Every structure is written in C-alpha cells, then in structure tokens.
Amino acid sequence: MNLQFIDTHCHLDGEEFAQDRDAVVQRAREAGCTAIFLPAIDLASCHTVLDVCAQYPDYCRPMLGLHPEEVRADWRDQLASIHSLLQLPLHLERAGGEAPLAIGEVGLDYYWSREFEQEQLLAFEQQVRWAVELQLPLMIHCRKAQNELVAILKRYANDLPGGVFHCFTGNEQEARQLLEFDRFVLGIGGVLTFKKSHLPETLAAAVPLDRIVLETDAPYMAPVPMRGQRNESAYIRHVITRLAEAYGVSEEDVCRQTTENVSRVFGV
C-alpha cells in the first residue's frame, strides 16, 4: 500500500539519533513519510534543529521555540535569542537552510513542578504574541495546565493563524474546548495505539478527521507494537492503521485528510 503522510513533530535532532540519523530518514521515506517537522525546545536545540534541517532540505522543516519545561530564570534571554532566529528567514534560505515553519515547541507544563509557573505563563504568552506578529502557527505542548493555556489563547484567538495541540490525550470535553480554536488541530501519535487508551473512542465521538494531524514525538511515545523502543517517523504507519479503525475509513483516507490538514495549518 503506497501511503503518504507527514510527521508534524519529531525530535530528530536529538542525541538519540546521532548514530543513525540517515538510516532513520531513509526508513521514514520508505514508509511513505513525505516530510518531518522538527520542534526546538530551547536556544541550543534551535541550532541543532536548524542544522539537521539544513542536512535534509525540502524534507525536514524547523520549528523554533522555548518548551515550558525548559523555562528557567534566564527565560527572557533565551526568548530574545530565539526571536532573533525567527527574524532571519531570508538569511536562512540564502544559506541553504529552511525558514522556520512554526513557533514551537511552546506551552505550559505543571506536571512535574510549578516552580516556574509564572515564568511559564509569561514565556508562553510572549511566544503567542510572536505567532500573531509573524503569522506563524504554534506547536503547543500542554500538561496539567489546559485551563491556563486556553485563557491565554482566548486573548489572541482572532489574530492567531492556527497551530497544533501536540500529543492530545484528553477526554471529549477537553477536545471540544480546544477545537473551539477553529484554526487549530490536534496532534495524534503513539498513545492512540496503547492498550488502555480511550483516545480512539474520544476522537471518533468528538473530533472530526479534518481536525487531526499525525505526529510521533520521536524518540518518545512509540506506538504498539514498537512500544518501549525508540520511536521514529516510519512507525506512524501503526497510528494510521488505528485511526482508520477508529473512524471507519481507509488508511488512504486518513493519510489524504491529515496531509490536507497539515497544508491548511502550516501553509505547505
């Protein structure tokens, strides 16, 4: 079956891929993955993301931002430097690199700690303002903070170009709340395939297929039957199979619709 799909969230610049990145990209291509989007998590990874994307032009695309778990006392300095990188798309293109596709990975995360709770709120809102200023979509990470996140997004809802709520694993009510932001979609990955996951039922009940994009979050969250292994873009095939079952459509339909959704949100 000649399926074609896009991985909208893969940390391909990570050390986990240092030894065999070419092989990982080759397996992705062979599996039908036509593009991979790479999110940064801090200033250092902005540079590794840009470097990897320059190695695979027209295939890997960069997203630049400050991840909530990386927000520390120096968050303002980090954001200033990241903003400078976002301002250089023409320079990057002339240098043979790819211009930033989105602002990400950004958001709020109170799962492990609330030590930098206020700083996270300020850093996230600053990056939301960038999305409005630059008309770039957002790649949003959220754990244990949906109410706070929604409150910030509502202030800018009319002006935001859209984005992805990455790694959605919530219930029907949470899905409907996020989908009220009508230019946004939900990122769905390996959790969909987990034995105890209620996500297939939740999506079928509350989320139209035209509001979903595919992702891995590799090297994390590998789908069944690869669970426990390092994740990679080729493994999205297992997510596609489970989505097709959940929605009662063909795998080709899942690929076609999710690719259209990527084009609508990211303009590619």
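See the structure printed just above.
Residues numbered from 1 in each chain as written. Predicted model: local features only at pLDDT ≥ 70, side-chain atom pairs only at ≥ 80, totals over all residues. Heavy atoms only, no water.

**Focus on the packing of aromatic side chains**
- Counted according to the given criterion, the structure contains five aromatic pairs.
- Note on F37 and F266: the rings are 5.0 Å apart at their centroids and 65 degrees apart in plane angle, and the pair reads as edge-to-face. You can see F37 sitting in strand β2 (residues 33-39) and its partner F266 sitting in helix α10 (residues 251-266), a full 229 residues away along the chain.
- Exposure remark for F37: the relative accessible area of 1% places this residue in the buried category.
- Taken together, F165, F181 and F184 form an aromatic cluster joined through their ring pairs.
- Residue placement shows R29 over the ring face of Y59; its charged tip is 4.0 Å from the ring centre.
- For R143, the ring lying beneath its charged end belongs to Y111, and the centroid distance is 4.4 Å. (Phe/Tyr/Trp six-rings, centres within 6.5 Å; stacked < 30°, edge-to-face > 60°. Helix = DSSP H or I, 4+ residues; strand = E, 2+ residues; numbered from the N terminus. Buried < 20%, exposed > 50% of the residue type's maximum accessible area, 1.4 Å probe, protein only. Lys NZ or Arg CZ within 6 Å of the ring centre and 35° of its normal.)

**Some details on the side chain of H141**
- Looking at the secondary structure, you find H141 in strand β5 (residues 138-143).
- A polar side-chain atom of H141 sits 3.0 Å from a polar atom in the side chain of E105.
- If we skip the residues at most four places from it in the chain, H141 touches H67, P68, E69, E105, V106, G107, L108, D109, L149 and H166. (Polar contact = N/O pair within 3.5 Å; in protein donor to acceptor, adjacent residues only side chain to side chain. Contact = heavy atoms within 4.5 Å.)

**A look at the nonpolar core**
- Of all hydrophobic cores here, the largest spans 80 residues; its most connected members are L12, L138, L153 and L203.
- The element contributing the most residues to this core is helix α9 (residues 236-247), with seven residues.
- Leaving out residues up to four positions away in the same chain, L138 has contacts with I103, V106, Q127, V128, A131, L153, L160, G162, G163, V164 and F184.
- If you look at the next biggest cluster of nonpolar residues, it comprises 13 residues, including A35, V213, V265 and F266. (Core = buried A, V, L, I, M, F, W, Y, C linked by side-chain atoms within 4.5 Å.)

**As for helix α1 (residues 21-31)**
- Here α1 has its buried residues at R21, V24, V25, A28 and A31. Along the axis of α1, the buried residues cluster in a sector spanning 125 degrees; they form a single face. Facing away from the buried side of α1 by more than 90 degrees, the exposed set consists of D22 and E30.
- In this fold, the buried residues of α1 make contact with β1 (5-7), β2, α2 (43-55) and α9.
- Positive phi appears at G32, one or two residues downstream of α1, with a value of about 110 degrees. (Arc of directions from axis to C-beta.)

**Some remarks on the pairing of strand β3 (residues 60-64)**
- Here β3 lies mainly inside the structure; five of its five residues are buried.
- Pairing geometry for β2 and β3, over four bridges, is parallel. Residue pairing for β3: F37 is matched across the bridge by R61.
- Pairing of β3 with strand β4 (residues 102-109), which is carried by two bridges, proceeds in the parallel orientation. Across the sheet, L64 pairs through a bridge with I103, a residue of β4. (Pairing = 2+ DSSP bridges.)

**A short note on the environment of V207**
- The topology assignment puts V207 in the loop between α8 (199-206) and β8 (212-214).
- Taking the C-alpha atoms as reference, V207 lies 30 Å from E117; in sequence the two are 90 residues apart.

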